[in-house]
Amino acid sequence: MSGDLKELARKALEAEFWRKIDRSGGDAACWPWIAASRHDFGYGSVYWEGRHTQAARVAYVLHHGLTLACVGSDLVVRHLCPGGSNPGCCNPHHLKVGTQKQNMHDRLAEGKYERGDDHFATKVSNGQVRALREEYWNAPHGKRPKLEVLAQRHGVYWGTIHRWLRGAGRQEAGGPTGELEPEAEARTNHARGEAHCMVKISDARVRELRETYWSMPTKQRPSTVSLAARLGTDSKTVWNWLHGKSRLSAGGPTSDPVENRGQQSGHEPVPDRQS
């Protein structure tokens, strides 16, 4: 009997929820949230299953027979309304679960995502970014300014300058972009290898690791997991060291010399076994 009462109470809550949504336009139209409770930017707000959340999220899970716990906190409900994203819409046919990155792409496609000079947090104007690119790429090779010098001038992280110069960010600013030469990052004051305050494994030990690993026959090489346990780090870090993706200052081989000879002679390389 108690189970029936819980079911009836649940259905009453659901009916009350749907009464706060205007569904008069039919299945194809947006269903606006008409209750007074709203989040910023027009999203409907409701207390459901013990927490406050967006009304569209509840509409989505109810329509699909789910609970809020079924939709992870790392996922968002994307509004894919025919006339463009409508934050107040609760029509399940216009809603789709996705990542925040996908949600941002939706906004970009609609031209709703503010960028460059239009973004409230922008400290460096499009004109300054364009001038920075022109200064860097028009300078003779070898005499280009350090990325960290540019970063200090504009009050940003040097990695941000790196992205701007490559065109990976602030595309709307215009100006020349290109791929930076490998030594460009070295022309910063950014501490690397043993010079970094957080480094616990010396360059000499990383170099010894590379020499030992790559000198062994493929089938006898230890797994990156076992090496990581021995060195007190994680397997991804060890893999990066072995393949020269990090700790370039340590030196030593970063690939199988036998494979390299096979590639140079036209033979197929032997695949390396990684854990």
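Residues numbered from 1 in each chain as written. Predicted model: local features only at pLDDT ≥ 70, side-chain atom pairs only at ≥ 80, totals over all residues. Heavy atoms only, no water.

Draft legend 1. The overall build of the protein chain, seen in detail. Looking only at helices and strands, the protein chain has 10 helices and four strands in total. Its helices and strands in sequence order give the protein chain the pattern α-β-β-α-β-β-α-α-α-α-α-α-α-α, from N to C terminus. Taken across its 275 residues, the protein chain has 33% of its residues classed as buried. Expressed as a percentage of contacts within the protein chain between residues at least 6 apart in sequence, the contacts between residues at least 24 apart total 54%. (Helix = DSSP H or I, 4+ residues; strand = E, 2+ residues; numbered from the N terminus. Buried < 20%, exposed > 50% of the residue type's maximum accessible area, 1.4 Å probe, protein only. Contact = heavy atoms within 4.5 Å.)

Draft legend 2. Examining the pattern of salt bridges more closely. If you walk through the whole model with that rule in mind, you get six salt bridges. Note that Arg10 and Glu49 form a salt bridge whose closest N and O atoms lie 3.4 Å from each other. Here Arg10, found in helix H1 (residues 2-19), pairs with Glu49, found in the loop between strand E1 (45-48) and strand E2 (51-54); they are 39 residues apart in sequence, far enough to count as distant. For Arg10, a relative accessible area of 26% translates into the label partly exposed. A salt bridge links Arg153 to Glu135; the shortest N-O distance between them is 2.8 Å. Of this pair, Arg153 sits in helix H5 (residues 147-154) while Glu135 sits in helix H4 (residues 126-138); the two residues are 18 residues apart in sequence, bridging distant segments of the chain. Its relative accessible area of 47% is what places Arg153 among the partly exposed residues. Where salt bridges share partners, they join Arg10, Glu14 and Glu49 into one cluster. (Salt bridge = Lys/Arg side-chain N within 4 Å of Asp/Glu carboxyl O.)

Draft legend 3. Summary view of the packing of aromatic side chains. Counted by the stated rule, this structure contains seven aromatic pairs. For the ring pair Tyr136 and Trp137, a centre distance of 5.1 Å and an interplane angle of 85° mean the geometry is edge-to-face. Assigned by exposure class, Tyr136 and Trp137 land together as buried. Consider the rings of Tyr213 and Trp214, whose centres lie 5.0 Å apart with planes at 90°: the pair is edge-to-face. For the pair shown, Tyr213 and Trp214 are each scored as buried. Pairwise contacts between aromatic rings join Phe17, Trp18, Trp31, Trp33 and Trp48 into one cluster. (Phe/Tyr/Trp six-rings, centres within 6.5 Å; stacked < 30°, edge-to-face > 60°.)

Draft legend 4. Summary view of the pairing of E2. Bridge analysis of E1 against E2 gives four bridges, and the strand direction is antiparallel. Residue pairing in the sheet places Tyr47 in a bridge with His52 of E2. Taking the residues that link successive antiparallel strands as the turn, the E1-E2 hairpin has two residues, and the phi of Glu49 there is positive, at about 50°. (Pairing = 2+ DSSP bridges.)

Draft legend 5. Here's a closer look at the environment of Gly26. Along the polypeptide, Gly26 turns up in the loop between H1 and E1. Taking relative accessible area as the criterion, Gly26 reaches 26% and is therefore assigned partly exposed. Distance from Gly26 to Asn91, taken between C-alpha atoms, is 9.5 Å for residues 65 residues apart in sequence.

Draft legend 6. Representation of helix H7 (residues 203-215) within the structure. Taking 1.5 Å as the rise per residue, H7 with 13 residues should run 18 Å; its terminal C-alpha atoms sit 18 Å apart, in good agreement. Inspection of H7 places Asp203, Val206, Leu209, Arg210, Tyr213 and Trp214 among the buried residues, and these make up the whole buried set. With its buried residues spanning 120° around the axis, H7 presents them on a single face. (Expected span 1.5 Å × (residues − 1). Arc of directions from axis to C-beta.)

Draft legend 7. Representation of the packing of H7 against helix H9 (residues 235-242). In contact at an axis separation of 9 Å, H7 and H9 are set at 80° when each is read in the N-to-C sense. Taken as axis vectors, H7 and H9 run roughly perpendicular relative to one another. When H7 is examined against H9, the residues Val206, Leu209, Arg210, Tyr213 and Trp214 are found in contact with a partner set consisting of Val238, Trp241 and Leu242. In terms of residue class, the contact of H7 with H9 is built from seven nonpolar, no polar and one charged. (Axes fitted to C-alpha atoms, helices over the stretch in contact; angles between N-to-C directions. Parallel < 35°, antiparallel > 145°, perpendicular 65-115°, else oblique. Nonpolar A, V, L, I, M, F, W, Y, C, P; charged D, E, K, R; others polar.)

Draft legend 8. Layout of unusual backbone geometry. With phi around 50°, Glu49 is a residue other than glycine that occupies positive phi space. Overall, the relative accessible area of 36% leaves Glu49 in the partly exposed class. The phi dihedral of Arg170 falls on the positive side, at around 55°, and the residue is not glycine. Relative to the helices and strands, Arg170 is located in the loop between helix H6 (158-166) and H7.

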